[in-house]
Amino acid sequence: MGNLPSAADLRSGDRRALAKCITLVESKRPADRNLANQLIEDILPDTGRSYRVGISGVPGVGKSTFIESFGLHLIAQGKKVAVLAVDPSSPVAGGSILGDKTRMPELSRTLDAFIRPSPSSGIMGGIAQRTRETILLCEAAGYDVLLIETVGVGQSEVAVHGMVDFFLMLMVPNAGDELQGIKRGITELVDTIVINKADGESLGQARQAKAYYQSAFNLLRGGEEGWKPRVMTCSALERTNLEDVWQMIEEYFDWLGQEGRLADKRRQQNLLWLHKLVNLEIDQYLKTSERLKGAYPELETRVNAGLMTPFRAAREIIEMIFPD
Ligand SMILES: Nc1nc2c(ncn2[C@@H]2O[C@H](COP(=O)(O)OP(=O)(O)OP(=O)(O)O)[C@@H](O)[C@H]2O)c(=O)[nH]1
Ligand SMILES: [Mg+2]
C-alpha cells in the first residue's frame, strides 16, 4: 500500500485517511498485517470513548432507513457518526447490508458521517474479522457514535454483540409472527427492541407488539440484575420517536458508566478478542505460510474423499505448525 496514512492523519479526522487505514487492517498480506498491528498500537490511547451501538434485524425491517434517519438526528445534535457493517457473507443470509450507500443518501453526503460498507471477504470467516480494529480506528478519528449494522442471522449477531456496548434489535409490528422468533437467545443478547414502521395503519399493531415484547422481556429477564431491556416504537421513515430512542441509549450509557461496568464489559470483550485473534492468526498462517500452503488443501482433499479422518488431519496440521 502506497502512502500509508499515519496515526496523526487519522487523528486529524481526514475521512480518506480513515478509509485507507481500514483497508490496511482488512488486508491479509503479512506485510500489511505488521503495519496494521503497529498502527493499532499507536492509536490505542485515543480509543474507547465512543458509544458502540449494534443494530440488527431481519432483511427489510428498515435497518438502512433507521441508520440514515437516526444518524442524521445525532449529527444535528453535533455528533460525529460512523456506520460499519458486519456482513455474514453467507449465501443463505441473502440481502447485502450496506452493499451500496444509496439507501443512506443524505447521511452519505454529510461530512460528519463516515460509512464503511462491509468487506467483501467471501464465504465464512468473513464475519467481523477486523471490525474490532475498525471500531478503534473510527474512535481515533473522532467519531462519537458508532452504528454497527448486521442482519439478523445468529452468528453475526453474536459476533457484533461481542464488540459493542449496546445492542439494538429492530422489529416489524407483526407481533403475532415475530413473537415466535423471540427466542431466549435473542432476549439475552439485546438491550432494547425498537419496533420500526410504527406509522400509518401499522401504528396500532406497533403498540400491541410493544406490549407483547415488553412482557416477554419481563417474563424471561425479570428476575435478573442489571439493565432492564426496554421496548420502544419508532418510524424511521417519518423520523418519529428517534429522540426517545437516543435518550434511552444515553440512559444506558449513564448506567454502564457506573460501578466499573463499562470497564468490566470491555475487559471481557478483550478476552474474547484475544481468543478470536489467536484463531484468526493461526487460520491465516495456515493459508499463507509457504511451508503449509500446499499441505493444508491436500489434507482437506483427503478428508473430503474419506481417505483420512478429520482427527488425523487436524493432528498432522498441528504437528506441521509446531514441529516439536
Ligand atoms: N412505513 C415504513 N416503512 C419503512 C420504515 N423504515 C423502512 N421502511 C421501508 O421498508 C423497506 C426496507 O427498508 P430498509 O431500510 O432497506 O431495510 P433493511 O433492514 O436495511 O433491509 P436489508 O438491507 O435488505 O436487510 C423500504 O421500502 C423502506 O422504505 C418505516 O419506518 N415505516
Ligand atoms: Mg439495508
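Since the structure is predicted, the reported quantities are computational estimates derived from the model, not experimental observations. (Residues numbered from 1 in each chain as written. Chains lettered and ligands numbered in written order. Predicted model: local features only at pLDDT ≥ 70, side-chain atom pairs only at ≥ 80, totals over all residues. Heavy atoms only, no water.)

(A) Quick peek at the pattern of salt bridges. Summed over all chains, the structure comprises 15 salt bridges. Ionic pairing is found between arginine 261 and glutamate 259, a salt bridge with its closest N-O pair at 3.3 Å. Of the charged contacts in the structure, one is a salt bridge between glutamate 290 and lysine 293, with a shortest N-O distance of 3.1 Å. In the salt-bridge network here, residues are joined through shared partners; they are Arg33, Arg130, Glu133 and Glu281. (Salt bridge = Lys/Arg side-chain N within 4 Å of Asp/Glu carboxyl O.)

(B) Representation of the site of ligand 1. Close contacts around ligand 1 come from 16 residues, with Lys63, Thr65, Arg103, Asp199 and Ala236 the closest. Here an oxygen atom of ligand 1 sits 2.9 Å away from a polar atom, N or O, in the side chain of serine 64. Here ligand 1, which alone exposes 650 Å², has 75% of that area covered by the protein. A total of three residues in the shell around ligand 1 trace back to one element, the largest contributor, which is helix H4 (residues 63-76). Residues of the shell around ligand 1, tallied by class, amount to six nonpolar, six polar and four charged. (Near = heavy atom within 4 Å. Polar contact = N/O pair within 3.5 Å; in protein donor to acceptor, adjacent residues only side chain to side chain. Areas by Shrake-Rupley, 256 points an atom, 1.4 Å probe, with all protein chains shown as cover. Helix = DSSP H or I, 4+ residues; strand = E, 2+ residues; numbered from the N terminus. Nonpolar A, V, L, I, M, F, W, Y, C, P; charged D, E, K, R; others polar.)

(C) Summary view of the pairing of strand E4 (residues 145-151). The element E4 is extensively covered by neighbouring structure, given that seven of its seven residues are classed as buried. The alternating pattern of E4 places Val145, Leu147, Glu149 and Val151 and Leu146, Ile148 and Thr150 on opposite faces, both of which are buried. Sheet analysis places strand E1 (residues 51-57) next to E4, joined by seven bridges and oriented parallel. Counted as the bridge partner of tyrosine 51 is valine 145 from E4. The sheet contact formed by strand E2 (residues 81-86) and E4 spans six bridges and is parallel. Each residue of the ladder has a partner; that of valine 86, found in E4, is threonine 150. (Buried < 20%, exposed > 50% of the residue type's maximum accessible area, 1.4 Å probe, protein only. Pairing = 2+ DSSP bridges.)

(D) Representation of helix H11 (residues 242-256) in the model. If you check H11, its first and last C-alpha atoms are 21 Å apart, about what 15 residues at 1.5 Å a residue would give, namely 21 Å. For H11, every residue scored as buried is listed here: Leu242, Val245, Trp246, Met248, Ile249, Tyr252, Phe253 and Leu256. The arc that holds the buried residues of H11, viewed along the axis, is 155 degrees, so those residues lie on one side. (Expected span 1.5 Å × (residues − 1). Arc of directions from axis to C-beta.)

(E) View of the nonpolar core. Counting residues in each nonpolar core, the largest one holds 42 residues, and the members touching the most others are Leu18, Ile43, Leu137 and Ile193. For leucine 18, the contacting residues outside a window of four places in its chain are Leu10, Phe114, Leu137, Cys138, Ala141 and Tyr143. Core analysis: the second largest hydrophobic core is formed by 35 residues, Ile67, Val83, Ile115 and Met248 among them. (Core = buried A, V, L, I, M, F, W, Y, C linked by side-chain atoms within 4.5 Å. Contact = heavy atoms within 4.5 Å.)

(F) Expanded view of the packing of aromatic side chains. Taken as a whole and judged by the stated rule, the model has ten aromatic pairs. Ring-pair connections join several aromatic residues into one group, and the members of that group are Tyr51, Phe66, Phe70, Phe166, Trp227, Trp246, Tyr252, Phe253 and Trp255. Just above the ring of tyrosine 143 sits the side chain of lysine 80; from NZ or CZ to the centre is 4.5 Å. (Phe/Tyr/Trp six-rings, centres within 6.5 Å; stacked < 30°, edge-to-face > 60°. Lys NZ or Arg CZ within 6 Å of the ring centre and 35° of its normal.)

Geometric descriptors of this kind do not, in isolation, establish any biological role.
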